[in-house]
Amino acid sequence: MTRLRGLERKRPGQLLQMRKAGLLVGRVLAALAEHAAPGVTTGELDRLARELLAEAKAASSFLGYGAAFGLPPYPAVTCISVNDEIVHGIPGERVLAAGDLVSVDFGASVDGWHGDSARTFGIGDLAPEAAALCETTRVAMWDGIAAGRVGGRVGDISHAIEASIDAHVHQYGIVAEYTGHGIGTAMHQPPDVPNYGRAGRGERILDGVCLAIEPMVTLGSADAATLADEWTVVTRDRSWAAHWEHTVAFTGAGLWVLTAEDGGEAELTARGIPFAPLGD
Ligand code: MF3
Ligand code: CO
């Protein structure tokens, strides 16, 4: 099959632009995690994100999203998914309580270049199995990131995520309907980056490609359903879910995790992967 066009490849100056968006996204997520506490509503967290966006003169990647393909336009700047909600939870009146497992997903663009990231955290202390789910998902994301390289293929990342999750004694669910994606001048670009698959398959990763890598993992079955709001995705068995995501730039010199405050230095170096920031 012929392809109309390949993946969007960024020049060094464009990666620096993407880093601006990525750093903003990372810092806003950190602020939201800091602010989250028992008694705080998910809507309050979304309002804080809106304020920080406005301060930075950046645009939401999420607000209004979906209208182009027949969904109700997404009404918020964050997705906040609690407990058995997997992704795309709409912030609102829900009051967070101690022990809740909260996934916050946030995307923004600066001068037309997008960053997209998600993290999961607990409100107060988590039950041990919820804490393990969160950590398993975070580590799977980093193992997936570390498996990507220029000259490799998207399937290398997918396989590493799956292997990382499957290395645990507990049988976690890997949500299949939602995937990572290319990112750059739009939030969602080709290719899809599935969270399971075979190494050596899929699109080739070329110099300057940026991917959002985002495993969604459940404590039980991975079967998902969408609520009547047409956005909120929940587990059918009501088991809890976690979601971690980073936007990653791949160059011949190595990797740069654009939405991580340290650019990914700590996690990449721990895995023996070249950390290759541009001018930062
Ligand atoms: N950030 C999500 C993703 O990781 C997409 C959010 S959907 C939106 O791909 F409607 F909120 F934009
Ligand atoms: Co994404």
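Source: prediction; values computed, not measured.

A. Fine view of the overall build of the protein chain. A tally of helices and strands in the protein chain yields five helices and 15 strands. Its C-alpha atoms give the protein chain a radius of gyration of 17 Å, near enough to 19 Å, the size a compact globule of 280 residues would have. Oriented by its inertia axes, the alpha-carbon framework of the protein chain measures out at about 45 × 45 × 40 Å. Scored against the burial criterion, the 280 residues of the protein chain give a buried share of 53%. Within the protein chain, contacts between residues separated by at least 24 positions form 69% of all contacts whose residues are at least 6 apart in sequence. When the accessible surface of the protein chain is summed, it comes to about 11900 Å², and 53% of that surface belongs to carbon and sulfur atoms.

B. Structural context of the site of ligand 1. The environment of ligand 1 is made up of 13 residues, and the closest members are Phe-62, Asp-116, His-188, Glu-214 and Glu-245. One of the side-chain N or O atoms of His-181 is found 3.2 Å from an oxygen atom in ligand 1. Glu-245 places a side-chain nitrogen or oxygen 3.0 Å from an oxygen atom of ligand 1. For ligand 1, whose free accessible area comes to 330 Å², the fraction covered by protein is 97%.

C. Looking closely at the coordination of the cobalt ion (ligand 2). Those protein atoms acting as donors to the cobalt ion (ligand 2) are Asp-116 (OD), His-181 (NE2), Glu-214 (OE) and Glu-245 (OE), and they sit at 2.0 to 2.3 Å. Every donor counted, the six donor atoms about the cobalt ion (ligand 2) form angles of 52 to 172° at the centre, which fits irregular coordination. With relative accessibility at 4%, the residue His-181 sits in the buried group.

D. Representation of the sheet that holds strand E12 (residues 233-235) within the structure. With respect to topology, three strands assemble into an open sheet ordered E3-E12-E11, the strand pairing being antiparallel. Here the strands that pair on one side only, and so sit at the sheet edges, are strand E3 (85-87) and strand E11 (224-226). When the angles between neighbouring strand axes are averaged without regard to direction, this sheet yields 40°. Of the strand pairs in this sheet, E11 and E12 are connected by three bridges, and their pairing is antiparallel. Across the sheet, residue Ala-225 finds its bridge partner in E12, namely Val-234.

E. Structural context of the side chain of Thr-120. Of note, Thr-120 is situated in strand E5 (residues 113-122). Overall, the relative accessible area of 3% leaves Thr-120 in the buried class. A distance of 2.7 Å separates a polar atom in the side chain of Thr-120 from a polar atom in the side chain of Ser-103. For Thr-120, the side chain forms a polar contact with the main-chain oxygen of His-243, separated by 2.8 Å. Beyond its immediate stretch of four places on either side in the chain, Thr-120 contacts Leu-101, Val-102, Ser-103, Cys-134, Ala-242, His-243 and Trp-244.

F. Unusual backbone geometry, seen in detail. Of note, the bond from Pro-190 into Pro-191 is cis; its omega dihedral lies within 30 degrees of zero at 0°. A positive phi angle, close to 70°, is found at Glu-230, a residue other than glycine. Looking at where Glu-230 falls in the secondary structure, it is placed in the loop between E11 and E12. Positioned with a positive phi, Arg-238 is a non-glycine residue whose angle comes to about 65°. In this structure, Arg-238 sits in the loop between E12 and strand E13 (241-243).

G. Structural view of the nonpolar core. Within the largest apolar cluster, 31 residues are counted, with the highest numbers of intra-cluster contacts made by Ile-145, Ile-157, Leu-211, Ile-213 and Phe-250. Listing elements by their share of this core, those giving two or more residues are helix H3 (128-146), helix H4 (154-166), strand E9 (209-213), strand E14 (246-251) and strand E15 (254-257). No other element matches H3, which puts seven residues into this core. Once residues lying within four places of it in the same chain are set aside, the contact partners of Ile-145 are Ile-213, His-246, Val-248, Phe-250, Leu-255, Val-257 and Leu-268. Membership of the second largest hydrophobic core comes to 24 residues, among which are Val-25, Leu-29, Val-40 and Leu-45.

H. Just the state of the cysteines, in detail. One pass over the full model with this rule turns up zero disulfides. Cys-79 provides the cysteine sulfur closest to Cys-134, a residue in no disulfide bond, and the two sulfurs are 17 Å apart.

I. Just the pattern of salt bridges, in detail. Summed over all chains, the structure comprises nine salt bridges. Here Asp-46 and Arg-50 are joined by a salt bridge, their closest N and O atoms 3.1 Å apart. Here Asp-46 pairs with Arg-50, and both are found in helix H2 (residues 42-55), just four residues apart, close to one helical turn. A relative accessible area of 4% means that Asp-46 is categorised as buried. Among the salt bridges present, the one from Glu-267 reaches Arg-271, with a minimum N-O distance of 2.6 Å. In this structure, a network of salt bridges that share partners links the residues Glu-135, Arg-138, Asp-143, Glu-267 and Arg-271.

Definitions and cut-offs
Residues numbered from 1 in each chain as written. Chains lettered and ligands numbered in written order. Predicted model: local features only at pLDDT ≥ 70, side-chain atom pairs only at ≥ 80, totals over all residues. Heavy atoms only, no water. Helix = DSSP H or I, 4+ residues; strand = E, 2+ residues; numbered from the N terminus. Rg over C-alpha atoms; globule rule 2.2 N^0.38 Å. Buried < 20%, exposed > 50% of the residue type's maximum accessible area, 1.4 Å probe, protein only. Contact = heavy atoms within 4.5 Å. Areas by Shrake-Rupley, 256 points an atom, 1.4 Å probe, with all protein chains shown as cover. Near = heavy atom within 4 Å. Polar contact = N/O pair within 3.5 Å; in protein donor to acceptor, adjacent residues only side chain to side chain. Donors = N, O, S within 2.8 Å, 3.2 Å for Na, K, Ca; no water. Tetrahedral: all angles 85-135°; square planar, octahedral: opposite > 155°, others 65-115°. Pairing = 2+ DSSP bridges. Axes fitted to C-alpha atoms, helices over the stretch in contact; angles between N-to-C directions. Core = buried A, V, L, I, M, F, W, Y, C linked by side-chain atoms within 4.5 Å. Disulfide = S-S within 2.5 Å. Salt bridge = Lys/Arg side-chain N within 4 Å of Asp/Glu carboxyl O.

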